[in-house]
Amino acid sequence: MLDLAYVRENLPQIEEMLRRRGMDPAEVLGGFRVVDERRRRLITESETLKAQRNRASEEIAKLKKSGQDASVQVEQTKGLREQGDALEKQAAEIDQELRTMLAGIPNMPHESVPVGKSAEDNEEVRRWGAPPQFSFTPKPHWELGEELGVLDMERAAKLSGARFAVYWDMGAKLERALANFMLDLHTTEHGYTEVLPPYMVNSASLYGTGQLPKFSQELFKCVDHDLWLVPTAEVPLTNLYRDETIDAARLPLSVTAYTPCFRSEAGSYGKDVRGIIRQHQFQKVELVKFARPQESYEQLEQLTHHAETILQKLGLHYRVMALCTADLGPSSAKTYDLEVWLPGQRLYREISSCSNFEAFQARRANVRWRPEGSKKTEFVHTLNGSALAIGRTWLAVLENYQQADGSVVVPEVLRRYMGVERIVKTAISK
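This report concerns the structure included in the present document.

The helix and strand tally for the protein chain stands at 14 helices and 17 strands. With the principal axes as the frame, the protein chain shows a C-alpha extent of 105 × 45 × 45 Å. A buried classification covers 51% of the 430 residues belonging to the protein chain. Here the contacts in the protein chain between residues at least 6 apart in sequence split such that 74% fall between residues at least 24 apart. Summed over its atoms, the accessible surface of the protein chain is roughly 21,000 Å², and 48% of this surface lies on carbon and sulfur atoms. Taking the average place of the 56 positive charges on the side chains of the protein chain and the average place of its 60 negative ones, the gap between the two points comes to 2 Å.

Okay, here's the thing in structure tokens:
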């Protein structure tokens, strides 16, 4: 959420930002000036009434002290109180209306974000490695997984419906190995503290990170409870410090978690229907940072590097893309996407998004810090990134390390977790 005073004083810049994001300023900001003016008028009227009540109370006290009748003034004070209560009710309603408007305004993109009209205008920052070369036509992961007996989409559909997967034997073990490898690397080499958060969160938590109210259709809600299944560990991790002030000495503060993630995939009908690219349930290792505002972009580069390190140690070719204004998430000020090469599909696929939200989430969740020597608190900057999405890393390993005989070589860094050097066909699922 943007600061009210900033929006009020920079409306032309906000309108231009919305246009660069491909949005209609009239739809987002329609009525803002009217509502804001009404709010300020109510505040002025309320303060005037309070001043009148204070003067009347003083007059009543003087009359009573001198033994005079104060009934007229008492009745006037009662009327002023009733008017004040009515104004306060109106002010509360207008405050909520204004807060709803502010919640619908996306973050201001950082000056370094490329301006564009669609994902086609995202800019490549760098590449690492090279695509593997095959003496045969590489297969997509859904064919490999089925032939090896490690991926079972048919039984998953029987259990839960479309967009779910069952992993068997070395397929399940590969998933677990990837999660352990990522967590071990981030906690021992990158300085993150591991957290095991709840997999269900309340509405306040989702509001704090920006999923509510805008993306409610993308979420799974528990009936009769103010609980939602987490779409990403970003939500519980960021909200660990909701309504708290973090000690300056602890910044930058870095946490990581491995959780299942649940998304309804509303609006994605017909997209990525084959394999495990787009699932209702998938697992992910998430990185979250809380940083001093002046250090947050340095921390974004570091966080992105930490995500890249996973791909490099796995030997997976990828590219880093800077998202343009039209493709940037509403809460983000700047985002890098890591896109891994999938030879079975002959395309790059997003495997991580690393973002700096500046104070946008912190203002919604009221996460603050107190600069050294200052009596006042400020909002921290929050950052997060997938490091990595397990399912997409899983399929990237299968497609990049497949062999002519149908087996899959296990990347060296995963062998101590799996106890094998190669994934071969299993009959367990049959």
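What follows concerns the sheet that holds strand β1 (residues 123–128). Ordered in space as β1-β10-β11-β12-β15-β9-β8-β4, the 8 strands form an open sheet in which the pairing is mixed. Two strands in the sheet have a free side with no partner beyond their single neighbour: β1 and β4 (193–194). In this structure, β4 lies alongside strand β8 (residues 253–262), joined through 2 bridges in parallel fashion. Residue pairing for β8: threonine 193 is matched across the bridge by valine 255. Relative to the sheet, helix α13 (residues 390–400) contacts β8, β9 (281–291), β11 (334–342), β12 (347–356) and β15 (381–389), its axis offset from that of β15 by approximately 40°.

Two side chains that carry opposite charge are able to pair once their charged atoms sit near each other. Tallied over the full model, the rule gives 16 salt bridges. In the salt-bridge network here, residues are joined through shared partners; they are Arg8, Asp36, Glu37 and Arg40.

Closest axis-to-axis distance for the helix α6 (residues 141–148)/α13 pair is 9 Å, and the angle between their directions is 80°. The orientation of α6 with respect to α13, classified from their angle, is roughly perpendicular. Contact residues: His141, Leu144 and Gly145 in α6; Leu395, Leu398 and Glu399 in α13. Grouping the amino acids of the contact of α6 with α13 by side-chain chemistry returns 3 nonpolar, 2 polar and 1 charged.

Take the pairing of β15 next. Where burial is concerned, most of β15 is hidden: 9 out of the 9 residues are buried. Where β9 and β15 come together, 7 bridges link them in antiparallel fashion. Each bridged residue has a counterpart across the sheet, and for leucine 287 the counterpart in β15 is glycine 385. For β12 and β15, the ladder comprises 3 bridges, and the chain directions are antiparallel. If you follow asparagine 356 over to β15, its bridge partner there is leucine 383.

Moving on, we get to helix α2 (residues 11–20). Note that an α-helix has 3.6 residues per turn; residues three or four places apart therefore point the same way. Considered for burial, the residues of α2 that qualify are Leu11, Ile14, Glu15, Met17 and Leu18. Projected onto a plane normal to the axis of α2, the buried residues spread over an arc of 160° and lie on a single side. Elements that come into contact with the buried residues of α2 comprise α1 (4–9), α3 (25–29) and α4 (32–65).

What follows is about the nonpolar core. Counting residues in each nonpolar core, the largest one holds 52 residues, and the members touching the most others are Leu174, Leu178, Phe181, Met182, Leu311, Trp394 and Ile423. The dominant element in this core, judged by the number of residues it contributes, is helix α8 (residues 170–188), at 9 residues. With residues near it in sequence (within four places) discarded, phenylalanine 181 still touches Ile310, Lys313, Leu314, Val413, Leu414 and Tyr417. In this structure, Leu2, Met17, Leu87 and Tyr207 belong to the second largest nonpolar core, which totals 25 residues.

So, about helix α5 (residues 71–103). In this model α5 runs 48 Å from its N-terminal to its C-terminal C-alpha over 33 residues, within 8% of the 48 Å that 1.5 Å per residue would give. Buried within α5 we find Gln73, Thr77, Leu80, Gly84, Leu87, Ile94, Leu98, Met101, Leu102 and Ala103. On its buried face, α5 is in contact with α1, α4, α9 (203–209) and α12 (360–365).

Rules behind the numbers
Residues numbered from 1 in each chain as written. Predicted model: local features only at pLDDT ≥ 70, side-chain atom pairs only at ≥ 80, totals over all residues. Heavy atoms only, no water. Helix = DSSP H or I, 4+ residues; strand = E, 2+ residues; numbered from the N terminus. Buried < 20%, exposed > 50% of the residue type's maximum accessible area, 1.4 Å probe, protein only. Contact = heavy atoms within 4.5 Å. Areas by Shrake-Rupley, 256 points an atom, 1.4 Å probe, with all protein chains shown as cover. Lys, Arg positive; Asp, Glu negative; His and termini not counted. Charge placed at Lys NZ, Arg CZ, Asp CG, Glu CD. Pairing = 2+ DSSP bridges. Axes fitted to C-alpha atoms, helices over the stretch in contact; angles between N-to-C directions. Salt bridge = Lys/Arg side-chain N within 4 Å of Asp/Glu carboxyl O. Parallel < 35°, antiparallel > 145°, perpendicular 65-115°, else oblique. Nonpolar A, V, L, I, M, F, W, Y, C, P; charged D, E, K, R; others polar. Arc of directions from axis to C-beta. Core = buried A, V, L, I, M, F, W, Y, C linked by side-chain atoms within 4.5 Å. Expected span 1.5 Å × (residues − 1).

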